Amino acid sequence: LDRQAMDATTETADARQKRKDEAKALKRKRIEESGGVRPRSDVGKKDGESGPTQQQQAQPAQNPKRQGFGTFNDSGSARKKKRDVTKHRFGAVMEQVPCPKKSRNYTLSMAVPGSVVSNAQTRELRTQLVGQIARAAAIYHVDEIIVFDDLLSSKMKDNYHRYGGRNRNHRDNNNKRSSDRSHDGVDDKETPKEGEGTDETAQQQRYQPSDPHTFMARVLQYLDCPQYLRRSFFPMHGDLQFAGLLPPLDAPHHVRAGEKSKYREGVVLDKKGQGPNAGSLVNCGIRSRPVEIDRVLAAGIRCTVELDKKAYDSPGKIKGVVVSPTTPREDDGTYWGYTTRLATSIKAVFDECPYEGGYDLKVGTSERGDATVDDKKFGFPQFKHLLVVFGGVAGIEECIDADESMTLSGKDARKLFDLWVNTCPYQGSRTIRTEEAVLLTLARFRPHIVGSGDNASKAPKVIKDEDLKFSDGEDLSEESSDDDDTSSGDSD
């Protein structure tokens, strides 16, 4: 009986293998008949489409080694056809940021204490915290970010090093002790000659930890800078070690390589155009085509250049005009990034205002505010330069108490602002972190800012769905392309 069972099992296995071989042979035959391309079903095809045409069927079969699951040379076109079939509007990426098509004359500034990053345990967490603030600023059109010293920050504990990973202090101490040893009054190591040892000194300075305020300001400036300019303005620094992990701002001034933008950011090259009245050449991110501007500027300067959109398609040189960074905003309301300013105290936030006449509307945020956004009567008076101040871990009151240059006490912090607002009354948590408060406050202030700005009397243009352009969700944004210089962060 056992022998009969074994024979039956062997016969069943042979039959199963025979059916598999027949199915493979039939599949191979179908592939050869379709011109070496794996036949697909009609699922997902548009109306009116069918299988391969007679011309495609008449094509000779490809190399047998490359048959089976499609050929190598048609993979790109196959992916393109697949994208065309699955192209959709919802979930796709906008090709351009929606533009209001009207000038914006008011500005929005926000002040954040740099001490908030000192509470994060690692450099990676600190970088992510700053990235959240930068993203919120870009989404809600913040024109200026002030990083001020609230005099309450603790020293950042940074255990990360370029070489050796964590906790390298014990090895550094051992090296120091060994270098101090001497034999017969002669040091083990000879004194370096002039010009030697400079690389080691530069390396130590490069990876020397920064204070919290400088760290935040450097990461904010790095994120605002277009990718093709970062190599020119940001050398290797330890503060940017994890900046490559942050999501890009993808703001309008981060122009993509093939985008025909009216304005572009650029860096002045050490070259000039040809001709008697030739201006300097500027790298504006257009591949192999520097832009000749209308004047001669010193090399290495960042500038905003206005271009003619027709020049992108015309051969030869591209000429542009240097304009103010505020021109895109004043022209058609295009958001053109933010500027970063360092302030030594909360008092310097107001005293060193870059706008003529200062901030005409100052708003302080606190959980002890006497006004709430939920109030039906809440609103902003008309303004031209708005400043929103956020406190640190202890709040704005403690910042004022710690600033000895101010005669105002912390309990009277309300007198420093035009509005003292609680943006999240009856909060569900005991604390709201600063990066959370920034996003929450800007989101709730947005309708009041748009409705009370200097040009709020003009009716805003309604953006229709057909005016928005989308790209396929499978297409990667050039924000994270190979041209992006992520080497500025210390990622080794």
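Residues numbered from 1 in each chain as written. Predicted model: local features only at pLDDT ≥ 70, side-chain atom pairs only at ≥ 80, totals over all residues. Heavy atoms only, no water.

**Brief notes about the packing of helix α4 (residues 123–139) against helix α7 (residues 212–224)**
Piece 1. It is at 10 Å that the axes of α4 and α7 come closest, and there the two elements cross at 55°. Accordingly, the angle class assigned to the pair α4 and α7 is oblique. Where α4 crosses over α7, the two elements pack in a sense that is right-handed. Residues R123, R126, T127, V130, G131, I133 and A134 of α4 lie in contact with α7, whose contacting residues are F215, M216, V219, L220 and L223.
Piece 2. A class-by-class count of the residues in the contact of α4 with α7 yields 8 nonpolar, 2 polar and 2 charged. (Axes fitted to C-alpha atoms, helices over the stretch in contact; angles between N-to-C directions. Helix = DSSP H or I, 4+ residues; strand = E, 2+ residues; numbered from the N terminus. Parallel < 35°, antiparallel > 145°, perpendicular 65-115°, else oblique. Left-handed = near helix turned anticlockwise from the far one by under 90°. Contact = heavy atoms within 4.5 Å. Nonpolar A, V, L, I, M, F, W, Y, C, P; charged D, E, K, R; others polar.)

**What about a positive patch on the surface?**
Piece 1. On the surface, a cluster of positive charge is contributed by R16, R19, K20 and K24.
Piece 2. Its relative accessible area of 53% is what places R19 among the exposed residues. (Patch = residues over 30% accessible without salt bridge, like charges linked within 9 Å, V, L, I, M, F, W, Y side chains within 5 Å. Areas by Shrake-Rupley, 256 points an atom, 1.4 Å probe, with all protein chains shown as cover. Salt bridge = Lys/Arg side-chain N within 4 Å of Asp/Glu carboxyl O. Lys, Arg positive; Asp, Glu negative; His and termini not counted. Charge placed at Lys NZ, Arg CZ, Asp CG, Glu CD. Buried < 20%, exposed > 50% of the residue type's maximum accessible area, 1.4 Å probe, protein only.)

**Brief notes about the sheet that holds strand β14 (residues 385–389)**
Piece 1. Spatially, β11-β3-β2-β14-β12-β15-β13 is the arrangement adopted by the 7 strands of the open sheet, whose pairing is parallel. One side of each edge strand has no neighbouring strand; the edge strands of this open sheet are β11 (339–343) and β13 (371–372).
Piece 2. Bridging between strand β2 (residues 107–113) and strand β3 (residues 144–148) involves 5 bridges; their strand directions are parallel. Counterpart to M110 in the pairing with β3 is I145.
Piece 3. α7 contacts β2, β3 and β11 of the sheet and is inclined by roughly 160° relative to β3. (Pairing = 2+ DSSP bridges.)

**Comments concerning helix α12 (residues 434–452)**
Piece 1. Taking 1.5 Å of rise per residue, the 19 residues of α12 would be expected to cover 27 Å, and the 25 Å separating its terminal C-alpha atoms lies within 8% of that figure.
Piece 2. Of all the bends in α12, the largest measures some 45° and sits at R446, one to four residues before the proline P447.
Piece 3. Of all the residues in α12, the buried ones are T434, E435, A437, V438, T441, L442, F445, H448, I449 and S452.
Piece 4. The secondary structure elements touched by the buried residues of α12 are β2, α4, β12 (361–365), β14 and β15 (419–422). (Expected span 1.5 Å × (residues − 1). Bend = angle between axes of the 7 residues up to and from the residue.)

**As for α7**
Piece 1. Taking 1.5 Å of rise per residue, the 13 residues of α7 would be expected to cover 18 Å, and the 19 Å separating its terminal C-alpha atoms lies within 8% of that figure.
Piece 2. Elements in contact with the buried residues of α7: β2, α4, β3, α8 (230–233), β9 (302–307) and β11.

**A closer look at the environment of P100**
Piece 1. Looking at where P100 falls in the secondary structure, it is placed in the loop between β1 (93–94) and β2.
Piece 2. Residue P100 is classed as partly exposed on the basis of its relative accessible area of 27%.
Piece 3. Taking the C-alpha atoms as reference, P100 lies 6.8 Å from D332; in sequence the two are 232 residues apart.

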